[in-house]
Every structure is written in structure tokens, then in C-alpha cells.
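Structure at a glance
What follows is the residue order along each chain.
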Amino acid sequence: MDNRNQIDNVWESVLKREVQKIDVPEDLLDKIKSEMRNEKNINRTFMNNIRELFCPFQLNTLRVILTAFVCVSFITAQILIFSENARVFALDSINNALTLVYRIVGYEDGEYKVDKVPLEEPEWFYHDSVFYADKYIEQIVGFPICFPEALSDDCNAFYGRNIYAVEDQNKNKIYMVSTIYSNNTGSNIIVLETSKDKENYFFGNIYNTKNYKVGNKEVIWGECPNLVFPNNDPRQKPIDLEITHVLLWENNGVYYRLWSANNDISVDEGLRLVEEIIDNKCPENTKFKHTGVLYGKNDISNDDVINMVGHPVRIPDELNEGFSLEYKTVSTITENGQTGYEVCGYYEQDNRHLKITMVKIDENYSALKNLPSTEVLNIGDVKCYWYEQNPSELEYKSDNFFEFKIDGVNYLLSILDGSFESKEEAISIAKSILEF
Amino acid sequence: MDEINLIRRCQKGDSEAFDILFKLHSKKALHTAYLISGSRHLAEEIVQESFIQCFKNINKLNDPQKFRSWFYRIIVRYSWKAISKEKINDIDIEDDANICSAPDEVFETIESLETRKAVRRALDKLTLPLKTVVILYYFNGLSTKEISKTLNCMQGTVKSRLYNARKILSKELKQYKSLSKCGEECKING
């Protein structure tokens, strides 16, 4: 055996021996699943799949009920009766047709009635999981948006606002806007929603209501039933019924609803939060502070971004080397007491993720130029900087960066989950921005 | 079921497939993370985070055949991140003490103990990227091409790192060839 093979064998056998007594903890998979469930729950809320969690987004309840009544003529249906206390369900004999799903269709004598109704396709229900500034939203939805920056108990608003819309018979959109407050651990998530439309969004599916007063405002406290299905499949018989409590009120001609995404809220806690929200002055200059991210996703045009930030930005949909735009964001940044904007373009290519950070900044500014191993090069007349970290300095981030300035805007390119394969790759990408 | 189908099932959100994928890869992943980080506790955290990332993002993996490179890229990145946070050494003193207190059957011969210590010293002398290449190549059995994908570097870089690692180990082995003191002590104390 030659020396190289001997060395290879030594490496292999010793490394294997090093780990021979290390076993995977039995509970590791459970821990992973638990973490993922927690994360998923928060993400679900953030990504506005709230409808899956709770009933409030059975927006067009009347329509569902109406459809259910129509279907009674054609379907031999047995109504399920839910007891609020027992929370058990009775079996039914409805066949499990693909187009039929279980829904709550009424409430009588303390019991929820569940029926199988044709599946409401979601095309009438529009939601946008991106994040907007209030002033932009107000233009879209046609009513004022005034949410507090934070609620007590360390609950800060996450992201910006989320817009939902349904279309009425005349194809006009009826909007609802929400924001989500969470503490740092995500153990307390409060959802606050507002709309000018009373029935569709807020008041159509609330039961067992009680009226309270906060100042001179009437606040309704009610319960919102949510069916629990095996495998989250509404075609299967529900196995349980969850009750979520919500608070509803009107202020300045706009309706509000508040509920908790992970803890059912108590009436005292709810009324306290309602008071905070009603008392919120909503000064103009606080509207952007709570999030940073103002716009997102690629359905915001470049013109929108340029109008917002007041300077040119180049965000091509496609870049050289096969990178495609995933989404863009505009964030507020503060530099020397001055508020400015940071625009980011996020691109993807074969599971690699490129971020371009664009900031209008001092002419002489460069993030890379003073670093020890930075190389200066030119693409046409544009001076560029290429920085590669020494391998021993490697951390969990890009280990090389590319930077240039055009139209007074600084462009910093980095691969989020790795690094550029070569300087040439970065140059090629930069060229597609410069030529855009 | 072959792994390609398993990954496709994972991409569709099949939780049973996730369980199987975890069973298939968790041990190797834990061992890899341990070898890179030198800490069992960190290794468990690294594997936990890596599988969460894996399960969350597996639907973005276009080619299931590239799973191994893709997955080990996650493991390596999290390991490096963990090391940079903890600033721990590769192998701590406690581990060395364990060698001496371990039962005889763990070591076939005194030579193997010496060899083992030499390899540890050699590993200690490697920079993190060099050490990672060694672990991925010798322990995980990844090809130089797969490692280049995993670490996002040129194949030639991987080869040169392996060459350097061999050189360092060769030197260490020569140096430790005549040393048997610790081994003798183990025998006596054992």
C-alpha cells in the first residue's frame, strides 16, 4: 500500500472511530417537529393563512349558508350538532364527495350546526401576503389605516400591513387590512384587522355575543367557532370544534376586529387592548417606523419603488447567470439622523439566493473599498470593488461581495447562502444591472 | 423506496417521508456536525437546525439527486456558524481525558491510540475549510465534485485542500510514531 493510501485509510478509520459512541438522541426528531410546528404556526399567521386557523375568514358566510340551503334540495344531508361544552361531533351519513366540505352553518340553543356544503373556491377571496406602507394602503383600500406601533406586553407589530379583498356582485373589491403584533418569543400573537365592510369580514360569523363599553364606544365580545379536521382536510368529518373569542368595534366609520392567534383572549385583556387601540393617536410620522419593510414582492413595479424612494434603482427581473427576481423590498434606514431608504432585490438561481442592496448614499461611500483584500476593477466607466474573505475568516454568510455605484446609488451584491462561484460570475451579474 | 422518490414525497409535504429521511441521514449528519464542531451538544443543535432548514426548503431543491450536496451544505454552514458563535476548539481536553479512561477494547493496539492522537493533532492544525473537506471526503464519502458543490468552491480547490491535509497528517504521524506514553499510562491505569 502506498503512502497516500495509508494516509487515506488513517483519516477514514480514525474519523469513524471518533464518532462511534455518538448516537442520535431519541427525542431529536420530536424536537425538530415541535420547532417546526411552532415556526409554522407563526409563519402561517404572518403569511396570512389565517383562514386555516380560525373561522373569521369564512368571509362570505352568508353566501356559504345560502349555498348550503340550495344544496339541501339535492343532497340528503344530516346536520351535525356540536355541543359547545362537550365539543364532540355526531356522525353523519353524507358521502364524502370531493366537492363537498364541512362548514358551520348556524347556531341554535347553544349548539353549532355543521353541514356539508359545496367547496367555495377561493378565487373570490384575494389575499396578498406582502407588506405595504399605510399611506399606500390607504390609497388602495379607500379608508384610513391607524394601528398602534405596538401593544402593551411587549407586542410589537410585525412587518407592515396585509391586505385582503373580496369582490362584490359588481366586481368591486371590498378590503380588509390587518397587522400582527407579537412578543419576541411568539408566545403572544395578536391580530388586529380593519375594514369598512361590516358584515362580510367581521360580523357574519360571530356567536354568543355580549356588549361592552370602552369609553363611549360599544365593543362586541363574541365567539368564533372553528372546525378541526383530520389532516386539515375539510372533506373529512371534523373531529373537534375550537372556539376563539374576538372583539369587534367601530371607530371613525371603520370597523375593527381583534383576536389572539395562539391564546384565546380573555374579555378583560381584550377590552384593555381595545382601549389602547382606540386611544392610539396614530401620528403621521410613526407610520413607517414599526416595520422597516414597506413594500415587498415582485408585483410592486420598479416605478412604484422609484416613486417611493425618490431616486433611480435598477432591479431587472432577470440577471445574467440565470438569476430570477423573487421579490423586492424597500426599508427605511436612518443614517446620521436622516431617514433614507434601502431597496433590496432578492434573486434565485438553482437554489442559490442573491441579494442586491441598493442605497443612495454619499458619493465616496463604499462598504468594500477600504477592506484589506479588496480588488478594484472597472466595468466600462464604472468603478467596482470585489472583496473575497480569507478562508480562515469564513462565517455563515457570503465570503465574497461585489459593489459598484451607478446613478448615485450604491449596489452591493452578495450570495446569501454561499458565495459567488468566481469573480467573473459577479461581474457578469453586475453587467446585467448596469445594462438595465 | 429510493431516495429520489423519498425526497419528492418530502417536497410534497409528506410527513412520513420526512421521518424516513431523518432516520436515513440523522446519524451521519450528527457525526459530521460533531467532527466539525468538536462538541456533542453543539452537534445536536446543528443537526436540529439543519433538519428544520432542510424540511422547510426541500421543495426548492430542483434536482433531488443533488440532495446530498445540498443537505451537507446546510450542515456545514450551520456548523461553521455555530463554531464562530461559540469559538470552541475542535477537540476539548475532556475528550482527551476520555481517551485515557476508555476501556481497552476501544483501542485495538497502542499504535491505534497513537494514530488517533496524531489524527486529532492533525485535525487541530487544519483550518476550518480544510478540516471540513477532510471530513466530507473521508467520513461522508463525498466525491471532490460533490464537495465542491457543497462548499461552493472549485473542484481543484477541494483537491488541493485534500493534498495539504494528507501532508499535515503524514507529518503528524511521523512525529507521533515513537510516542506511546499516553497509551502506556492508559494500560497501567486501566
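Residues numbered from 1 in each chain as written. Chains lettered and ligands numbered in written order. Predicted model: local features only at pLDDT ≥ 70, side-chain atom pairs only at ≥ 80, totals over all residues.

Turning to the overall build of chain B, a few remarks are in order. Tallying secondary structure elements over chain B gives ten helices and zero strands in all. In chain B, the succession of α and β elements from N to C terminus is α-α-α-α-α-α-α-α-α-α. In chain B, buried positions account for 41% of the 190 residues. Restricting the contact set of chain B to residue pairs at least 6 apart, pairs at least 24 apart contribute 71%. (Helix = DSSP H or I, 4+ residues; strand = E, 2+ residues; numbered from the N terminus. Buried ≥ 20, exposed ≤ 12 C-beta atoms within 10 Å, placed from the backbone. Contact = placed C-beta atoms within 7 Å.)

Once that is clear, we can look at the overall build of chain A. In terms of regular secondary structure, chain A is built from nine helices and 21 strands. Considering chain A as a whole, with its 436 residues, one finds that 33% of them fall into the buried category. Within chain A, contacts between residues at least 6 apart in sequence are counted, and of these 57% link residues at least 24 apart.

Glancing now at the interface of chain A and chain B. Each partner contributes to the interface: chain A provides 32 residues, whereas chain B provides 38 residues. Those elements that provide at least two residues to the side of chain A that touches chain B are α1 (3-18) and α2 (28-46) of chain A. By residue class, the composition of the side of chain A that touches chain B is 16 nonpolar, five polar and eleven charged. (Nonpolar A, V, L, I, M, F, W, Y, C, P; charged D, E, K, R; others polar.)

What follows concerns the pairing of strand β12 (residues 254-260) of chain A. Residues and elements named next belong to chain A. Here β12 lies mainly inside the structure; six of its seven residues are buried. Relative to β12, strand β8 (residues 189-195) runs antiparallel, the two being bridged by six bridges. Residue Thr194 lies in a different strand from β12, and its bridge partner there is Tyr256. Sheet topology places strand β11 (residues 240-251) next to β12; five bridges connect them, and they run antiparallel. Bridge pairing in β12 links Asn251 to Val254. (Pairing = 2+ DSSP bridges.)

Time to look at the packing of helix α2 (residues 15-37) of chain B against helix α7 (residues 128-139) of chain B. Residues and elements named next belong to chain B. For the pair α2 and α7, the least separation of the axes is 10 Å and the interaxial angle reads 150°. What the angle tells us is that α2 and α7 run roughly antiparallel. With respect to the hand of their crossing, α2 and α7 are arranged in right-handed fashion. Across the interface between the two elements, His31, Thr32, Leu35 and Ile36 from α2 touch Lys131, Thr132, Ile135 and Phe139 from α7. Residues of the contact of α2 with α7, tallied by class, amount to four nonpolar, three polar and one charged. (Axes fitted to C-alpha atoms, helices over the stretch in contact; angles between N-to-C directions. Parallel < 35°, antiparallel > 145°, perpendicular 65-115°, else oblique. Left-handed = near helix turned anticlockwise from the far one by under 90°.)

Now for the nonpolar core. Ranked by size, the top nonpolar core spans 53 residues in total, and within it Trp11 of chain A together with Ala33 and Ile75 of chain B carry the most contacts. At ten residues, the largest contribution of residues to this core is made by helix α4 (residues 67-86) of chain B. Among residues more than four places away in sequence, those in contact with Ile75 of chain B are Ala29, Thr32, Ala33, Ile46 and Ser50 of chain B. Core analysis: the second largest hydrophobic core is formed by 36 residues, Val141, Ile145, Ile206 and Ile265 of chain A among them. (Core = buried A, V, L, I, M, F, W, Y, C linked by C-beta atoms within 7 Å.)

Over its 13 residues, helix α7 (residues 267-279) of chain A runs 18 Å from end to end, which matches the ideal 18 Å to within 8%, given 1.5 Å per residue. Contacts from the buried residues of α7 of chain A go to β5 (150-151), β8, β9 (207-214), β10 (217-228), β11 and β12 of chain A. (Expected span 1.5 Å × (residues − 1).)

Further remarks concern helix α9 (residues 423-434) of chain A. All names here are of chain A. Along its twelve residues, α9 runs 16 Å from first to last C-alpha, staying within 8% of the 16 Å computed at 1.5 Å per residue. All of the buried residues along α9 are Ala426, Ile429, Ala430 and Ile433. End-on, the buried residues of α9 take up no more than an arc of 100°, which puts them together on one face. (Arc of directions from axis to C-beta.)

What follows is about unusual backbone geometry. Residues and elements named next belong to chain A. For Asn252, which is not glycine, the phi dihedral falls at a positive 50°. Turning to its location among the elements, Asn252 is positioned in the loop between β11 and β12. Given 8 C-beta atoms within a 10 Å radius, Asn252 is considered exposed. A positive phi is found at Glu321, a non-glycine position, where the angle reads about 70°. Structurally, the position occupied by Glu321 is in the loop between β14 (318-319) and β15 (323-335).

So, about the environment of Leu123 of chain B. Structurally, Leu123 of chain B can be placed in helix α6 (residues 110-125). Residue class for Leu123 of chain B comes out buried when judged on the 25 C-beta atoms lying within 10 Å of it.

So, about the packing of helix α1 (residues 3-11) of chain B against α2 of chain B. All names here are of chain B. It is at 8 Å that the axes of α1 and α2 come closest, and there the two elements cross at 130°. The pairing of α1 with α2 is recorded here as oblique in orientation. Here α1 runs over α2; the crossing is left-handed. Across from Leu6, Arg9 and Cys10 in α1, the residues of α2 making contact are Ala17, Phe18, Ile20 and Leu21.

Consecutive residues of a regular strand have side chains that alternate between opposite faces of the sheet. All names here are of chain A. Note: β9 against β10, six bridges, orientation antiparallel. Note that in β10 the partner of Lys213 across the bridge is Glu218. Counted along the chain from β9 to the antiparallel partner β10, the turn is two residues long, and its residue Gly215 has a positive phi close to 60°.

Residues and elements named next belong to chain A. Mean pLDDT over chain A works out to 71, with 68% of the residues at or above the 70 mark. Put simply, helix α4 (residues 61-72) is where chain A has its lowest mean pLDDT, 24, and α9 is where it has its highest, 94. Every residue in residues 40-98 is under pLDDT 50, and counting partners more than four places away or in other chains gives 97 contacts. A low-confidence stretch, residues 121-130 (pLDDT under 50), is modelled with 16 contacts involving residues beyond four sequence positions or located in other chains. (pLDDT = per-residue confidence, 0-100.)

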